[in-house]
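Below, each chain spelled out in residue letters.
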Amino acid sequence: MNYNNTVNWMFSQLPMFQRQGKTAFKKDLTNAIALSKHLNFPETKFKTIHVAGTNGKGSTSHMLASVLQEAGYKVGLYTSPHLKDFRERIKINGKVIRKIDVINFIKKNQLFFEQHKLSFFEMTVGLAFEYFAKQKVDIAIIEVGLGGRLDSTNIITPEVSVITNIGLDHTQFLGETLAEIAFEKAGIIKNSIPVVIGEYQEEIFHVFEEKAKQTNSDLYLASTDSDKNFQSDLIGIYQKHNIKTVVQTIHILKSKGYKISDECLKDGLSNVVRNTGLLGRWQQINNNPKAICDTGHNKEGLFYVLKQLQEEKYNKLHFVFGVVNDKDLSSILHLFPKEAEYYFCRPDIPRGLSEIELQKQCSEFNLNGNCYQSVDEAYKTALKNASENDLVFVGGSTFVVAEVV
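In this text, all values refer to a predicted model and were calculated from it rather than measured experimentally.

Visitor: Tell me what's going on with the nonpolar core, and back it up with residues and numbers.
Guide: Counting residues in hydrophobic clusters, the biggest one holds 33 residues, and the most contacted among them are Met10, Tyr78, Phe86, Ile90, Val102, Phe113 and Phe132. It is helix 6 (residues 120–134) that contributes the most residues to this core, 10 residues altogether. In contact with phenylalanine 86, other than residues within four places in its own chain, are Tyr3, Val7, Met10, Val102, Phe120, Thr124 and Leu127. Formed by 31 residues, the second largest nonpolar core is a distinct cluster that contains Val51, Ala65, Leu68 and Ala222.

Here's what the structure looks like:
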């Protein structure tokens, strides 16, 4: 098996949430535990930080990795989804896992995967844990895939658990209310392990307080506890919440004996892209005309993206827009700028929403534009139509952004 065949086998082996949605979701940790045992419990061989949340968990994970790298630690980073290459999910000090390591892991364990009907996500978590153990990382930042309580990553006992915020996303799996979703995310809080909550949300904070009390865990609220103002090279306005979350988490690590100076904290936050290779967070992808993409894709994420767009100076906005088919568009479309010209497109995955259906739903909110056969065609047309002082924005879904970065 070469690398492409290996990854294609992983993708096709079982439905994968990223591409297919609900049918790929498993409400069970049995497979994750069985695989851990089969691999000889690799996740027990290194320290971890566990990061959950509706928005910001990817940026927060990359920021934490960057700061710890600046402090001289060998840092594993497990995140999802990837934008261009599967290997983006598994990095050490910003370098992706080698293709040969992916191939060998699948080859060696393929029979076990088939016998136990492991999902794409379960295999990938196992690969990350074994790779980090073999490479002897000092610490790994582990981003939750979906939810928390029943996520395949939730077999670790971290140094600290982090929950960035709670919003209504993936409601078909995690619950219809913020409190139900908060309960799922709170599932990563472990006995006597400190937990950082990134944003105070009055209607659900009690969920975290109750869980922390049950587990005898110290609870820290980043939005009130962080005193200094640090800057980051991740420039979306929503990053201010993530910066505070990272600062609070680093304080806890220092209290546990980690050596991280304020200088390392400052440099780590300022060099996230250089240190970790993070893509798609308010990223400029073209100069003339200026084009920006962002992976914000749910109500809360898009709220900040749209707010940031208001701060940009331009004559006309060209908005390349595509979404997946499980988003409740009616809850967000009223936020979108009506004066923009829209370029409707469908991300190239099975659960992408058709551009015609998207155009229809948008027209009910006076958001108008033409349909395009692909993201690439929509983006190229927008660039061609835009004059020098216009702005092109690409977003609505991680998978739309993946096709332009």
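Still more ground to cover, so stick around.
Visitor: Residues and numbers for the sheet that holds strand 7 (residues 195–197), please.
Guide: Two orientations exist for strands paired in a sheet by backbone hydrogen bonds: parallel and antiparallel. Sheet architecture is open: eight strands sit in the order 4-3-2-5-1-6-7-8, paired in mixed fashion. With one partner strand each, in any of the chains shown, strand 4 (95–96) and strand 8 (219–221) form the two edges of the open sheet. Its contacts with the sheet place helix 6 against strand 2 (75–78), strand 3 (90–92) and strand 5 (139–143), and it is angled at close to 15 degrees to strand 3.

Visitor: Please provide a residue-by-residue account of the packing of helix 1 (residues 3–13) against helix 5 (residues 99–116), values included.
Guide: At a minimum axis separation of 9 Å, helix 1 and helix 5 run at an interaxial angle of 40 degrees. It follows from the interaxial angle that helix 1 and helix 5 lie oblique. Where helix 1 crosses over helix 5, the handedness of that crossing is left-handed. Counting all contacts with helix 1, which are made through Tyr3, Thr6, Val7, Trp9, Met10 and Gln13, the residues of helix 5 involved are Lys99, Val102, Ile103, Ile106, Gln110, Phe113 and Glu114.

Visitor: Describe helix 4 (residues 57–70), naming the residues involved and giving the relevant values.
Guide: End to end, helix 4 covers 20 Å across 14 residues, agreeing with the expected 20 Å (1.5 Å per residue, within 8%). Looking one or two residues past helix 4, glycine 72 carries a phi angle of roughly 95 degrees, positive in sign.

Visitor: I'd like to hear about unusual backbone geometry, residue by residue, with values.
Guide: A negative phi holds for most residues other than glycine; trans holds for most peptide bonds. Residue proline 81 is reached from serine 80 by a cis peptide bond, and omega for that bond is -5 degrees. Structurally, proline 81 is set in the loop between strand 2 and strand 3. One non-glycine residue, phenylalanine 41, lies in positive phi territory at about 50 degrees. Here phenylalanine 41 shows up in the loop between helix 3 (30–38) and strand 1 (47–52).

Visitor: Please set out the packing of aromatic side chains residue by residue, giving values where relevant.
Guide: This model, assessed by the stated rule, comprises 20 aromatic pairs. Among the aromatic residues, those joined into a cluster by ring pairs are Trp282, Phe319, Phe321, Phe336, Tyr342, Phe344 and Phe393. The ring of tyrosine 3 is capped by arginine 87, whose NZ or CZ atom sits 5.5 Å from the centre of that ring.

Visitor: Describe in detail the pairing of strand 2, supporting the description with residues and values.
Guide: The alternating pattern of strand 2 places Val75 and Leu77 on one face and Gly76 and Tyr78 on the opposite face, and all of these are buried. Across four bridges, the pairing between strand 2 and strand 5 is parallel. By the bridge assignment for strand 5, valine 75 is matched with isoleucine 139. With three bridges connecting them, strand 2 and strand 3 associate as antiparallel partners. Residue pairing for strand 3: tyrosine 78 is matched across the bridge by isoleucine 90.

Visitor: Describe the side chain of threonine 6, with residues and values.
Guide: By secondary structure assignment, the location of threonine 6 is in helix 1. Look past the residues within four positions of threonine 6 in its chain and what remains in contact with it is Met1, Val102, Ile103 and Ile106.

Visitor: Let's hear about the sheet that holds strand 10 (residues 290–293): which residues, and what values?
Guide: Overall, mixed pairing links the six strands, which are arranged 9-10-14-11-12-13 in an open sheet. The open sheet has two edge strands with one neighbour each: strand 9 (283–286) and strand 13 (369–371). Here the average twist between neighbouring strands, direction ignored, is 20 degrees. Here strand 11 (residues 317–321) runs beside strand 14 (residues 391–395); their pairing, made up of five bridges, is parallel. What sits directly across from phenylalanine 319, in strand 14, is phenylalanine 393. Strands in contact with helix 15 (residues 355–363) are strand 11, strand 12 (341–344) and strand 13; relative to strand 13, the strand with the most contacts, it is inclined by about 160 degrees.

Visitor: Can you break down the pairing of strand 10 residue by residue, with the values?
Guide: As paired strands, strand 9 and strand 10 are joined by three bridges and run antiparallel to one another. Counterpart to glutamine 283 in the pairing with strand 10 is cysteine 293. Hairpin connection, strand 9 to strand 10: the antiparallel pair is bridged by three residues. Bridge count for strand 10 against strand 14 is four bridges, and the pairing is parallel. The residue bridging isoleucine 292 from the neighbouring strand is phenylalanine 393, located in strand 14.

Calculation notes
Residues numbered from 1 in each chain as written. Predicted model: local features only at pLDDT ≥ 70, side-chain atom pairs only at ≥ 80, totals over all residues. Heavy atoms only, no water. Core = buried A, V, L, I, M, F, W, Y, C linked by side-chain atoms within 4.5 Å. Buried < 20%, exposed > 50% of the residue type's maximum accessible area, 1.4 Å probe, protein only. Helix = DSSP H or I, 4+ residues; strand = E, 2+ residues; numbered from the N terminus. Contact = heavy atoms within 4.5 Å. Pairing = 2+ DSSP bridges. Axes fitted to C-alpha atoms, helices over the stretch in contact; angles between N-to-C directions. Parallel < 35°, antiparallel > 145°, perpendicular 65-115°, else oblique. Left-handed = near helix turned anticlockwise from the far one by under 90°. Expected span 1.5 Å × (residues − 1). Phe/Tyr/Trp six-rings, centres within 6.5 Å; stacked < 30°, edge-to-face > 60°. Lys NZ or Arg CZ within 6 Å of the ring centre and 35° of its normal.

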